[in-house]
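Read off the chains here:
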Amino acid sequence: MGKSSGSAKTPSIAADNLESKQRLSIIDILGEGQIEGPVGGLKGVFLNKTPIEADDGSYNFNGVEVEWVAGTQAQEPLNGFSETQNEVPVSLEVKNNTPIVRTITDPNVDRIRITAGVSALYAQTNSGDVVRTSVKMAVQIGAGNNWTTKKTIELTDKKTRSQYLTSVILDDLPATPFNIRVMRLTVDSTSDLLVNNTVWASYTEIYDAKLAYPNTALVGLRFDSSQFNGVPSRTYLVKGIMCKIPDNYDPITRLYSGLWLGEFKTAWTDNPAWIFYDLMTSTRYGMASRFGHFPIDKFTLYSIAKYCDEMVDDGFGGLEPRFTCNCHITQQSQAYDLISKFCSIFRSLPVWDGVQLTAVIDRPSDTVAVYTNANIVEGKFSYSSAAMKDRHTAARVKYVDPNFGWEAVTEYVADDESIQRFGLNILNVEGFGCTSRGQAHRVGKWLIKTEKHERQTVSFSVGRDGLRHLPGDIIEILDNDYAGVQSGGRIKAIDGKIIELDRDVEINDNSYISYQNIHAEILKVKVSSQKSANTIVLDDDINADEWSTWILTNNAVSSRLFKAISITENDDGSLSVTALEHNPVKESIVDHGASFTPDLNESLNWSIPAIESLAVSVTPDSDLYQAVLTWSTPRTMSNLEFQVTILRNGKLVSRQTVPDRVITINNIDEGHYTASIRGISTEDGRLGNESTVTFTIAAPSTPTQLAFSVTSNSVTIKPLMPSNVGLGTTFEYYKGTTLAEVKAMTNYLGRTSNSLIDADVQASTTYYYGVIAVNAAGRSGLCTGSAVTESDSVGTAGGIFRIKTDDGIFPTNSDNATELFHSVLGMYPSRDTVLIVYATDESNNITKSEAKMYDGAKWVTPALFLNGDLIAEGTISGDRLVAYTEIKAPVIKGGEININDRFVVDRNGSVTISYQDGSAGTILKDGTIKIFDEKGYLVVQIGNLEV
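Position labels on residues start from 1 in each chain and follow its written sequence. Residues qualify for local features only when their pLDDT is at least 70, as the model is predicted, and side-chain atom pairs are given and counted only at 80 or more; totals for whole chains, interfaces and linings, by contrast, use all residues. Hydrogens and waters are ignored; side-chain quantities use all the structure's heavy atoms.

**Comments concerning the environment of glutamate 76**
Numbering of helices and strands runs from the N terminus; a helix is a DSSP stretch of H or I covering at least four residues, while a strand is a stretch of E covering at least two. One can find glutamate 76 in the loop between β5 (65-69) and β6 (84-94). Setting aside its immediate chain neighbours within four residues, glutamate 76 contacts Val69 and Ala212. Note on contacts: a residue pair is in contact if any heavy atoms of the two residues lie within 4.5 Å.

Shown next, in the form of structure tokens:
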């Protein structure tokens with residue numbers, strides 16, 4: 001018989017009553033000021049590469065406040081940012097028996113904000129009900145075993161299925177350094193029915209200061225962090241530094257009005273010529289900050305700037321400026337490299353012409369000099385051509401495309417005719433400052449056409465004619481040997497239209513003669529007739545010097561154009577010129593004719609965003625280790641999660657899908673790990689590209705050796721590792737005066753992540769050092785080495801030197817005296833160098849003389865100076881004697897003799913004579929003579945043969 005009654009119910013689920021909500025304030029540096037400012041207001045501010053305001057006026061994020069300053073000297077602090085904060089991520093799970101500890105070392109910190117919470121918080125009963133539960137953590141300050149609880153984070157009768165974070169502020173901080181830790185007071189869950197994992201997300205160092213940051217462009221943001229998983233990446237579209245531009249120039253319309261008199265105004269521009277000029281002349285961030293104001297050929301740059309602003313085909317049926325520059329210089333680099341990068345934008349080379357810095361541009365221009373076999377040394381031209389492997393037939397130009405979210409993309413340019421003939425040879429190049437596909441295409445095309453049409457290089461030597469032009473100038477060459485006919489030489493005589501040449505020539509109805517007139521202009525005149533084999537009649541009178549150069553061209557013979565790329569002076573006073581073949585039609589080939597078809601089928605929102613900035617950190621976790629993986633994506637999309645695969649020594653450890661851009665892997669052992677992460681759409685299963693990072697959990701290897709860089713007052717120690725280091729590897733440094741002292745590790749210098757500079761040293765002294773590599777998994781063995789500091793000499797001169805001047809007066813300024821010494825003698829003075837400055841009359845008698853001695857830093861007047869003989873009956877004592885020519889004495893006692901480390905007599909009377917490479921050649925010691933060859937082998941021994 002069945003039951004007469006009963007009841008049933010479905011499991012109940014308690015409502016979530018925890019909602020994490022934080023207000024995030026961030027100040028970002030946009031760059032050096034003064035800038036023009038953001039473009040399009042909030043449309044130019046991107047969070048996780050998504051604009052705050054869309055093009056249609058709608059907002060992708062709510063409640064975002066943005067404030068910026070341009071970076072002027074007198075700017076006011078940002079409103080609402082009365083404190084400066086530095087957030088340090090922790091992102092670790094806090095367990096009951098393993099508190100997480102961090103150390104605060106900055107003495108300027110006023111307060112600390114601890115951000116912690118739960119990854120999820122709920123409990124499930126045996127009947128299936130999901131109910132609320134509780135968890136408790138303590139925030140403590142202290143050191144060692146002495147800890148004081150300052151704040152408690154207690155979540156009582158709460159529930160959330162997602163991460164919940166809260167913050168507490170620590171005031172009244174102790175003196176630094178001190179430790180902070182987060183401890184879980186609730187016992188860890190051991191059941192799948194109770195989910196209460198606690199996490200320490202980050203801590204923030206807070207500095208109470210309202211700073212204006214003069215000359216620095218800033219932007220401040222405040223927004224609700226609930227819209228993001230962690231701190232979002234920030235990107236800004238701005239018009240950058242306001243540069244010096246001509247006062248008759250409108251940078252928006254790119255028009256120049258009237259005559260420019262060389263005066264400037266300040267405004268924003270993307271013209272690379274004026275950006276280059278501003279970078280050279282700025283005393284804050286440019287070359288002038290190091291060298292002061294130096295002459296720059298601004299009028300040549302004016303011509304180049306107008307060339308940059310000329311409109312050319314953009315490839316889409318419209319027009320665009322020939323060259324623009326949009327770049328963000330974020331790291332220090334060699335000055336010449338950066339100058340060359342800017343000049344490369346407008347196809348130029350930086351050149352110092354002896355008076356000023358100028359730029360020579362690769363474009364058609366007038367010929368400035370003519371050369372034939374008659375006006376070069378020995379009449380010989382030497383030619384060379386580029387190797388086949390150096391002739392590229394295609395190019396990949398990397399540039400930043402605004403139409404693809406300001407991401408770097410590649411433009412492929414190819415010469416099909418050259419590929420068919422020579423094969424595919426691709427050149428990879430970066431379009432510096434390039435944000436236009438059309439400009440990127442022109443960069444690639446210019447490189448390919450240059451290598452295709454300008455293959456030959458010519459070298460020759462000339463006399464003073466080589467001073468008529470600079471590197472970058474166009475020269476005209478007619479080589480009789482190359483042409484196979486006599487079509488170049490010198491003019492012997494001029495009579496109006498009739499000129500006599502230095503050799504016989506043949507003309508036809510289309511013959512022209514090129515020559516350089518007395519104003520150094522290259523002119524071309526038609527030949528009307530020929531009176532004799534070496535005498536011709538021209539259509540016009542010419543105004544040239546006798547023995548000036550001529551070139552005869554016609555339908556069968558033509559001269560060739562070259563661009564001078566270097567001019568150097570030879571020992572005999574002649575000049576060597578190296579020039580590259582020049583094709584004047586290359587410009588029209590490159591700047592016209594590009595055609596692109598927009599790809600209307602591509603959608604940025606369709607593809608799964610790539611994984612970027614994948615990083616791993618490892619910390620000890622009880623007897624094992626804990627790894628935290630973090631990454632970012634260039635943009636956000638709905639229904640996006642991440643597939644994470646972990647391999648240890650090639651075997652699968654974990655594979656899981658997570659919604660956040662961080663994952664913690666606990667209880668992992670030592671070994672070699674590979675972590676792979678890719679995006680996945682939970683809507684349709686689409687997968688993105690996979691990104692991989694490898695890391696090894698093991699004690700670091702012992703450094704193989706120590707590399708030293710020494711001066712007289714410092715030693716730089718850099719450990720060399722057998723392989724790449726990871727896991728936050730740092731190095732401990734020890735020092736000693738002996739190797740035993742270093743091995744005892746009693747003199748600890750400190751810990752760094754790379755090299756260390758020891759400034760507590762003396763000149764000409766040997767020091768020993770030891771280094772141990774340390775990471776989260778352990779310590780390496782001790783690697784030792786020694787270094788000898790340099791002497792305190794500051795130069796390479798020495799002795800007594802005389803310099804004749806007009807007045808015989810020693811310069812009052814030490815720098816001027818040192819420059820005089822260097823300019824005349826070609827070296828710099830060292831300590832105890834004596835310089836005598838004197839003047840003479842017409843009979844060569846000394847009329848005035850003054851002398852000073854160099855003490856290592858400046859020129860000083862010695863306590864005693866004699867310009868004659870000194871006779872002493874007794875003893876002359878001193879720590880050193882400096883002689884101009886020689887020291888004579890019947891007996892020299894005591895000390896050592898060392899002549900340039902080649903001939904050395906020590907205190908015991910032993911003699912060593914060395915080869916030029918420093919190896920011993922002859923040794924005389926204790927009645928024995930040994931002679932070695934240059935390889936160090938003993939070849940002769942005289943005396944005691946047992947030693």
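**A short note on the sheet that holds strand β9 (residues 122-124)**
Paired strands are those between which DSSP finds at least two bridges. Read across the sheet, 3 strands follow the order β10-β9-β15 without closing on themselves; strand pairing throughout is antiparallel. Edge strands, defined here as strands with exactly one partner in the open sheet, are β10 (130-131) and β15 (194-195). Bridge count for β9 against β10 is 2 bridges, and the pairing is antiparallel. Within the sheet, the bridge partner assigned to alanine 123 lies in β10 and is valine 131.

**Description of the pairing of strand β59 (residues 846-854)**
Regular strands place side chains that alternate from one sheet face to the opposite one. Relative to β59, strand β58 (residues 834-840) runs antiparallel, the two sharing 7 bridges. Each bridged residue has a counterpart across the sheet, and for isoleucine 836 the counterpart in β59 is alanine 851. Two successive antiparallel strands, β58 and β59, enclose a turn made up of 5 residues, where asparagine 844 displays a positive phi of approximately 65°. The pairing of β59 with strand β60 (residues 859-860) spans 2 bridges and is antiparallel. In the strand pairing of β60, tyrosine 854 is matched with tryptophan 859.

**Some words on the sheet that holds strand β50 (residues 715-720)**
Across the sheet, which stays open at both edges, the 3 strands sit in the order β49-β50-β53 with antiparallel pairing between neighbours. At either end of the open sheet lies a strand with only one pairing partner, and these are β49 (705-710) and β53 (756-758). Mean inter-strand twist for the sheet, computed between neighbouring axes without regard to direction, equals 25°. In this sheet, β53 lies alongside β50 in antiparallel orientation, the contact comprising 3 bridges. In the sheet register, threonine 716 faces β53, and the bridge partner there is isoleucine 757. Geometry is summarised by axes, namely lines fitted to C-alpha atoms with helices restricted to the contacting stretch, and by angles between N-to-C directions that run from 0 to 180 degrees.

**Side note on empty space enclosed by the protein**
We place a 1 Å grid over just the protein atoms. Points where a 1.4 Å probe fits but has no way out form a cavity, open points with protein on both sides within 12 Å along at least 5 of 7 lines form a pocket, and any residue with an atom within 4 Å of a point lines it. Grid points are joined across faces, edges and corners, and a volume is the space filled by probe spheres set on the points. For the structure on display, the rule yields 2 cavities of 30 Å³ or more. The computed volume of the largest cavity comes to approximately 50 Å³. Around the largest cavity sit Ile27, Leu78, Phe81, Glu83, Thr84, Ala209, Leu211, Tyr213 and Leu218, which together line it. Its residues assigned to classes, the lining of the largest cavity shows 7 nonpolar, 1 polar and 1 charged. What lines the second largest cavity is Tyr307, Arg347, Asp362, Arg363, Pro364, Trp446, His582, Asn583, Pro584, Lys586 and Glu587. Polar here means any residue other than Ala, Val, Leu, Ile, Met, Phe, Trp, Tyr, Cys and Pro, which are nonpolar, and Asp, Glu, Lys and Arg, which are charged; Gly is therefore polar. A per-class count over the lining of the second largest cavity returns 4 nonpolar, 2 polar and 5 charged.

**Remarks on helix α1 (residues 272-281)**
Note on classification: 1.4 Å probe, protein chains only; a residue is buried when its accessible area is under 20% of the maximum for its type, exposed when over 50%, partly exposed between these limits. Counting buried residues in α1 gives 10 out of 10 residues, a clear majority hidden from the surface. Within α1, burial applies to Pro272, Ala273, Trp274, Ile275, Phe276, Tyr277, Asp278, Leu279, Met280 and Thr281. We define a polar contact as two N or O atoms separated by no more than 3.5 Å, with the added condition that, inside protein, one atom must be a possible hydrogen donor and the other a possible acceptor, whereas residues neighbouring each other in sequence contribute only through side-chain atom pairs. The backbone nitrogen of alanine 273 lies 3.0 Å from a side-chain oxygen of the residue at the head of α1, namely asparagine 271.

**So, a nonpolar patch on the surface**
Only residues whose relative accessible area exceeds 30% and that form no salt bridge are eligible for patches; like-charged ones are grouped when within 9 Å, while nonpolar side chains (Val, Leu, Ile, Met, Phe, Trp, Tyr) are grouped when within 5 Å. Per-residue and other accessible areas were derived by the Shrake-Rupley procedure at a 1.4 Å probe size, with only the shown protein chains allowed to occlude residues. Whenever a carboxyl oxygen of Asp or Glu lies within 4 Å of a side-chain nitrogen of Lys or Arg, that contact is scored as a salt bridge. Taken together, the side chains of Ile897, Ile899, Phe903 and Ile913 make up a nonpolar region of the molecular surface, amounting to roughly 320 Å² of accessible area. Positionally, isoleucine 899 belongs in strand β61 (residues 897-899).

**Topic: unusual backbone geometry**
Going from glycine 33 to glutamine 34, the amide bond is cis rather than trans, its omega being 5°. For the peptide bond that leads from threonine 176 to proline 177, omega is 0°, which places it in the cis range. Position of proline 177 relative to the elements: it lies in the loop between β13 (164-170) and β14 (178-184). The phi angle at serine 91 is positive, at roughly 55°, despite the residue not being glycine. Assignment of secondary structure puts serine 91 in strand β6.

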